[in-house]
Amino acid sequence: MERKFLFIIGWCLSFTISAQTTTNVLQKSISALGNWETVNDFEYATNRINIDKWQGYDFDHALPEKDSFHLFVDLKDSRFLHHTQNHYPGGYVFDTYRLGRDSTYYVYDGIGSRTGKDLLNLGSSSFDKRKNSLLNNFPYFILKQLLQEIKNESVLTEGKDLIVLKKNPNGTEEYRFDTITFLLKKITRIQGQDTIVQRFEDYTPTDGLMIAKKSSLERNGNIIYSDSLSLFKYNQNFASLVFDFPPGYKSTSESTPVLSAKMIAKDVYLIENVDGDRNIMFINMGNYIVLTEAPISSATTKSILDVIHTTLPDIPIKYVHLSHFHNDHIAGIAEVVKEGATIICAENMKQPVISMLQNSDSSLYKNGKVNFEVFNNKKVLENDHKKLEFIEIPNSHAKGMSFLYLPQEKMIYQGDLLSLPADSYTTPAIAVTKEFSDFLRQKKITFTKIIGHHGLPVISKETFNEIVKMKKKDPLFKNTFEH
Ligand SMILES: [Zn+2]
């Protein structure tokens, strides 16, 4: 407490009030960025370094992934195309196009490995939101917006920085400018528990505009991404085909179906379309239920629990199996633990699950509500009529990954070892899928069906073999309208 008080005093003393006003500084900063008023369209690309410990291979040693960010903006006709390539361990590439045109926002997958040949129409309500969030990568658009919102008052200075503060109902925003160049250096946004820092560095003149060659985003001191500029061009009068719809894609719209459970084998149930593209399995063992995964968030997991309790009232969920530690598979775990379920997972992923529980509901630990049954290699749950095997698999996607095998049903349930798009479009197997195929063969695990957590729910053995044998097409993943 005392230290915090001294810190506050120190903080106050280090500032002085400048003779300049906020309007003044923002206008100078905008003009320091060059002639953005003359920009009708621009193309911007970066090489992006992404660090996300909740999506890495090893929770304790998150490694950076090399991604790319490519943006076309037509300010005159209000159109944009945003193309990102994100890499995840095990050979996953998410090749995502976000297209805005005719005041409508569309999303599609360039290589088809995740959402197949769907052109997802997200309607007009998300168009402006997406466009603004893309423009918020650029100091010019950030400052133009700020100028409209902020009161004209005195500016603070600290060292070589001019500081503009903005208070809003959810927290505060601090904008730091260089006292000499007036260029925007850093934005700190305090939102509830989180401190988000956006930086712009290494400005260079590009045909009359100042562009930051380096930019980055941090949350609570951890780097989320850092970008290095690879291309900036403006007023090119894009060929209209930049914003064309991709050929061969089928228009779809987002639907939020009412979740329900269907029986896919005796006492084995599947809930499809959870949060769009996820499938959850649960098994009735007679006097208790075993659930697989606790995806996305408390709310999503709660919606799954509701379906289970309506389908099998009065039978408690005794166990929940978590396939691997990635947050999209375990973020709702606190909800299942609150119902008294014991967590089954490989010992190698226990620590991240504990971290997730502490982040979501720290009282669970204090009340001694958390129970684990961790295993190495294999664990079996068996009664008179059902046998479940949890099998750990060495793999390149996530440390401590395991899958569920039902030997009587010859069925496997797995998360992220094999994922196919819901429209059944096939692309060659990635590294982790080949590792899965090799493992099943080596261990002589016989199966006829594989249930996927993502996308297509039921995958036959034949389809699995087909994609494992499939060769990559050449030229790889080339899109017709990229240049
Ligand atoms: Zn994963």
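Anything mentioned here points back to the structure above.
Residues numbered from 1 in each chain as written. Predicted model: local features only at pLDDT ≥ 70, side-chain atom pairs only at ≥ 80, totals over all residues. Heavy atoms only, no water.

Some thoughts on helix α10 (residues 431–442)
In this model, α10 (12 residues) spans 16 Å end to end at C-alpha, consistent with the 16 Å of a helix rising 1.5 Å per residue. Regarding α10, the residues found buried are Val432, Thr433, Phe436, Ser437, Phe439 and Leu440. Down the axis, α10 shows its buried residues gathered within 165° of arc, on one side only. Exposed residues pointing more than 90 degrees away from the buried face of α10 are listed as Arg441 and Gln442. Of the residues one or two after α10, lysine 444 is the one with positive phi, at around 50°. (Helix = DSSP H or I, 4+ residues; strand = E, 2+ residues; numbered from the N terminus. Expected span 1.5 Å × (residues − 1). Buried < 20%, exposed > 50% of the residue type's maximum accessible area, 1.4 Å probe, protein only. Arc of directions from axis to C-beta.)

Examining the packing of helix α2 (residues 22–32) against helix α4 (residues 139–149)
Running from amino to carboxyl end, α2 crosses α4 at an angle of 155°, the nearest separation of the two axes being 10 Å. With respect to α4, the element α2 is oriented roughly antiparallel. Here α2 runs over α4; the crossing is left-handed. Residues Thr23, Leu26, Gln27, Ser29 and Ile30 of α2 form the contact with α4, whose participating residues are Tyr140, Leu143, Lys144, Leu146 and Leu147. The residue inventory of the contact of α2 with α4, partitioned by class, reads six nonpolar, three polar and one charged. (Axes fitted to C-alpha atoms, helices over the stretch in contact; angles between N-to-C directions. Parallel < 35°, antiparallel > 145°, perpendicular 65-115°, else oblique. Left-handed = near helix turned anticlockwise from the far one by under 90°. Contact = heavy atoms within 4.5 Å. Nonpolar A, V, L, I, M, F, W, Y, C, P; charged D, E, K, R; others polar.)

Some remarks on the coordination of the zinc ion
Surrounding the zinc ion are the protein donor atoms His324 (NE2), His326 (ND1), His397 (NE2) and Asp416 (OD), at 2.0 to 2.2 Å. Because the angles between the four donor atoms bound to the zinc ion fall within 88 to 176°, the donor set is best described as irregular. Counting gaps between the donor residues of the zinc ion yields the pattern H-x1-H-x70-H-x18-D. With a gap of 19 residues between them, histidine 397 in the loop between β24 (387–392) and β25 (402–406) and aspartate 416 in the loop between β26 (411–414) and α10 connect regions that are remote in the sequence. A single burial state applies to histidine 397 and to aspartate 416, both of which are buried. (Donors = N, O, S within 2.8 Å, 3.2 Å for Na, K, Ca; no water. Tetrahedral: all angles 85-135°; square planar, octahedral: opposite > 155°, others 65-115°.)

Comments concerning the environment of lysine 129
Within the element layout of this structure, lysine 129 appears in helix α3 (residues 127–135). Separated by 93 residues in the primary sequence, lysine 129 and asparagine 222 place their C-alpha atoms 25 Å from one another.

Some thoughts on the packing of aromatic side chains
Taken as a whole and judged by the stated rule, the model has 30 aromatic pairs. With a centroid separation of 5.6 Å and an interplanar angle of 40°, the aromatic rings of phenylalanine 436 and phenylalanine 464 are classed as tilted. With phenylalanine 436 in helix α10 and phenylalanine 464 in helix α11 (residues 461–469), this residue pair connects regions lying 28 residues apart in the sequence. Each member of the pair, phenylalanine 436 as well as phenylalanine 464, is classed as buried. An aromatic cluster of three or more residues is present, and its members are Trp36, Phe42, Tyr44, Phe69, Phe138, Tyr140, Phe141, Phe232 and Tyr234. Above the plane of the ring of tyrosine 288 lies lysine 318, whose end atom (NZ or CZ) is 4.7 Å from the centre. (Phe/Tyr/Trp six-rings, centres within 6.5 Å; stacked < 30°, edge-to-face > 60°. Lys NZ or Arg CZ within 6 Å of the ring centre and 35° of its normal.)

Focus: the packing of α10 against α11
Look at α10 against α11: their axes get within 10 Å of each other, and the N-to-C directions meet at 120°. Comparing their axes, α11 and α10 come out oblique. Between α10 and α11 lies a crossing of left-handed hand. Across the interface between the two elements, Thr433, Lys434, Phe436, Ser437 and Leu440 of α10 pack against Phe464, Ile467 and Val468 of α11. Across the contact of α10 with α11, the residue classes tally to five nonpolar, two polar and one charged.

Quick notes on the pattern of salt bridges
Under the definition given, this model contains 21 salt bridges. A salt bridge links arginine 79 to aspartate 74; its shortest N-O distance comes to 2.9 Å. Glutamate 272 is the salt-bridge partner of lysine 262, the closest N and O atoms lying 2.8 Å from each other. Placement of lysine 262 in strand β16 (residues 261–265) and of glutamate 272 in strand β17 (residues 268–274) is noted, with a sequence separation of 10 residues between them. Ionic contacts of the salt-bridge type, sharing partners, join the residues Glu158, Asp161, Glu174, Arg176 and Lys185 into one network. (Salt bridge = Lys/Arg side-chain N within 4 Å of Asp/Glu carboxyl O.)

Details of the sheet that holds strand β20 (residues 317–321)
Spatially, seven strands are ordered β16-β17-β18-β19-β20-β21-β22 in an open sheet, and the strand pairing comes out mixed. What marks the edges here is a single partner per strand, and that holds for β16 and β22 (372–375). This sheet shows a mean twist of 25° between the axes of neighbouring strands, independent of strand direction. For β16 and β17, the ladder comprises four bridges, and the chain directions are antiparallel. Looking at β17, one finds that methionine 263 is bridged to tyrosine 269. (Pairing = 2+ DSSP bridges.)

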